[in-house]
Amino acid sequence: MNFEDFSLDARILAAVKTVGYIDPTPIQEQAIPIILEDKDVLGLAQTGTGKTAAFVLPILQRLTTGRLKSTRVLVVAPTRELAEQINDEFRAFSRNMKKIRSMTVYGGVGKRDQIQKLQQGYEIVVACPGRLLDLYGDRYVDFSHVDVLVLDEADRMCDMGFLPDIRRIIKLLPKKRQTLFFSATMPQDIRGLVSDFQHNPVTVQIGMIAPAETVDHALYPITQKRKKELLMTMLEQERTGQVLIFTRTKYRARNLARDLSKHKYNVTALQGNMSQNKRQKAITGFRKGKYDILVATDIAARGIDVTNVTHVINFDMPDTVDAYTHRIGRTGRAERSGIAYTFVVPEDGVMVRDIERLLKQPLERRRVANFDYGSFMPETAVDSSKNARKPKKAGHGGGSKSRQRRNTRYSRSNRRGSGANR
Ligand code: AMP
């Protein structure tokens, strides 16, 4: 199958060619024809599968007819970075459609430009929930002509506590519309949204929710204290390109980036405390290769599209299987092969078990060559069997029970707590 088979407008096809896509990805093959038929779609796919173009292309096709100069398409996304990326794709694929305009709406930046564009009736609005509702409250947003709604990374939005905002937004939209939800996982909150707001949706599921198969996963057992040493040795020995390192908290991200830069690495950190300007500089610098290493927390790195990442290194084990698949989604994107290494401490056994279940295979335990482990035995240090040792301390934000609960669904207090810290 190729893009010509979708009978898209010639201007859209020309833009696809310019962007350089040759064959549609599996989610594009499945979702584009259904969206073109005006059906509601529930797309279960993670970042890295090509899901953005899967909704951008048929939506642009819809905009080839019907009214302009009013907001017809509303895309809601969890973070500004993701909103910008989606907006970039709308712009790239509508480059030959001069009358179609796409804009972003999110907080942390001035309102004036956003208000002006909204008043001009930009056809596509890609928004984060908070600022959108803020501007709606001030009567700058006109939802009355919206005929397509997209919720992207819907599960992430729920994790971040946006569910009430999302429900409010959807209720403000015209009832007659197409509703497209994209989510990597299917927690209860999303099921509720689907049954309340979608009409006979067609589910399109890509590769279950497991990470891209092109990713080489491995665990590197170590103790908490020696993680930094292990990382330095690994970076010296491994042939790496762009490396994305995840830490559990923003303090750890900042400290690790500082230590790496002392060792002459081109590194930058990305964490929730930074101003929007600094975040954007870090992301752009990394994407353009000014920095070889980006040290980030989950929340800060959410949705970032960095196609050339060769290595994802989980310096700290993520709290949930979801977070693991999202982190790993940053490498091995769209057919490219990537490497995902996770540093694990003995207390991580329960999480390792859950990830292995998702991947349906045991993860290989590896040693870094020429690293002096002393009496520590990496091959046997992390037990993921049923008898896996329960974490002793609440060091990762909770004991084994709360950790297991969070694997399936975040509790509200956890969400808030982790959000503030990351
Ligand atoms: P997404 O899942 O939308 O975040 O897309 C992941 C990456 O895949 C992005 O860098 C896209 O530019 C790229 N991509 C999407 N569709 C295709 C395609 N049909 N061929 C090649 N690359 C693609």
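**Here we look at the overall build of the protein chain**
Item 1. When its secondary structure is counted, the protein chain shows 18 helices and 13 strands.
Item 2. Carbon and sulfur atoms make up 48% of the accessible area of the protein chain, which totals about 18500 Å².

**Topic: unusual backbone geometry**
Keep in mind that most residues, glycine aside, have a negative phi and that most peptide bonds are trans.
Item 1. Unusually for a residue other than glycine, asparagine 200 sits at a positive phi of about 40°.
Item 2. Along the chain, asparagine 200 turns up in the loop between helix H9 (188–197) and strand E7 (202–205).

**Points about the nonpolar core**
Item 1. Of all hydrophobic cores here, the largest spans 53 residues; its most connected members are Leu231, Ile245, Leu260, Val295, Ile313 and Phe343.
Item 2. What isoleucine 313 contacts, discounting residues up to four positions off in sequence, is Leu231, Met234, Leu235, Val243, Leu244, Ile245, Phe246, Tyr341 and Phe343.
Item 3. By size, the runner-up hydrophobic cluster in this structure holds 42 residues, among which are Ala15, Phe55, Leu57 and Phe90.

**Considerations on the environment of arginine 131**
Item 1. Within the secondary structure layout, arginine 131 lies in helix H6 (residues 129–137).
Item 2. For the pair arginine 131 and valine 105, spaced 26 residues apart in sequence, the C-alpha to C-alpha distance is 6.5 Å.
Item 3. Residues within four places of arginine 131 in sequence aside, it is in contact with Val105, Tyr106, Gly107, Gly108, Val109, Gly110, Lys111 and Gln114.
Item 4. A polar contact of 3.4 Å, which involves the side chain of arginine 131, links it to the backbone oxygen of tyrosine 106.
Item 5. For arginine 131, the side chain forms a polar contact with the side chain of glutamine 114, separated by 3.0 Å.

**Section: helix H15 (residues 349–359)**
Item 1. Burial within H15 is extensive, with 10 of its 11 residues counted as buried.
Item 2. Listed as buried for H15 are Gly349, Val350, Met351, Val352, Arg353, Asp354, Ile355, Glu356, Leu358 and Leu359.
Item 3. Looking at the residues trailing H15, positive phi occurs at lysine 360, about 60°.

**A closer look at empty space enclosed by the protein**
Item 1. Summed over all chains, the structure comprises two cavities of 30 Å³ or more.
Item 2. Of the pockets and cavities examined, the second largest cavity occupies roughly 30 Å³.
Item 3. In terms of lining, the second largest cavity is formed by Ala45, Gln46, Thr47, Lys51, Glu153, Asp155, Phe182, Ser183, Ala184 and His326.
Item 4. The class makeup of the residues in the lining of the second largest cavity is three nonpolar, four polar and three charged.

**Let's talk about the packing of aromatic side chains**
Item 1. Per the stated rule, a full pass over the model turns up 11 aromatic pairs.
Item 2. Taking 5.2 Å as the distance between ring centres and 20° as the angle between the ring planes, the aromatic pair formed by tyrosine 136 and phenylalanine 143 counts as stacked.
Item 3. Judged by relative accessible area, phenylalanine 143 falls into the buried class, the value being 4%.
Item 4. Grouped by ring-pair contacts, the aromatic residues Phe3, Phe6, Tyr21 and Phe93 constitute a single cluster.
Item 5. One residue, lysine 227, lies across the ring of phenylalanine 315, its end atom 5.7 Å from the ring centre.

**Here we look at the pairing of strand E11 (residues 293–296)**
Item 1. Neither face of E11 is exposed, since Ile293 and Val295 on one face and Leu294 and Ala296 on the opposite face are all buried.
Item 2. Here four bridges tie strand E9 (residues 242–246) to E11, and the two strands are oriented parallel to one another. Each bridged residue has a counterpart across the sheet, and for phenylalanine 246 the counterpart in E11 is alanine 296.
Item 3. The pairing of strand E10 (residues 267–270) with E11 spans four bridges and is classified as parallel. Looking at E11, one finds that threonine 268 is bridged to leucine 294.

**What about helix H4 (residues 80–93)?**
Because each turn of an α-helix spans 3.6 residues, side chains separated by three or four positions in sequence point in the same direction.
Item 1. The end-to-end C-alpha distance of H4 is 20 Å, a good match for the 20 Å that 14 residues give at a rise of 1.5 Å each.
Item 2. Residues Glu81, Leu82, Ala83, Gln85, Ile86, Asn87, Glu89, Phe90 and Phe93 constitute the buried set of H4.
Item 3. Turning to H4, the residues buried within the fold contact helix H1 (10–19), helix H3 (51–62), strand E2 (73–76), strand E3 (102–105), strand E4 (124–127) and helix H12 (276–287).

Analysis parameters
- Residues numbered from 1 in each chain as written.
- Predicted model: local features only at pLDDT ≥ 70, side-chain atom pairs only at ≥ 80, totals over all residues.
- Heavy atoms only, no water.
- Helix = DSSP H or I, 4+ residues; strand = E, 2+ residues; numbered from the N terminus.
- Areas by Shrake-Rupley, 256 points an atom, 1.4 Å probe, with all protein chains shown as cover.
- Core = buried A, V, L, I, M, F, W, Y, C linked by side-chain atoms within 4.5 Å.
- Buried < 20%, exposed > 50% of the residue type's maximum accessible area, 1.4 Å probe, protein only.
- Contact = heavy atoms within 4.5 Å.
- Polar contact = N/O pair within 3.5 Å; in protein donor to acceptor, adjacent residues only side chain to side chain.
- 1 Å grid on protein atoms, 1.4 Å probe; cavity = no way out; pocket = protein on both sides within 12 Å on 5 of 7 lines; lining within 4 Å.
- Points joined across faces, edges and corners; volume = space filled by probe spheres on them.
- Nonpolar A, V, L, I, M, F, W, Y, C, P; charged D, E, K, R; others polar.
- Phe/Tyr/Trp six-rings, centres within 6.5 Å; stacked < 30°, edge-to-face > 60°.
- Lys NZ or Arg CZ within 6 Å of the ring centre and 35° of its normal.
- Pairing = 2+ DSSP bridges.
- Expected span 1.5 Å × (residues − 1).

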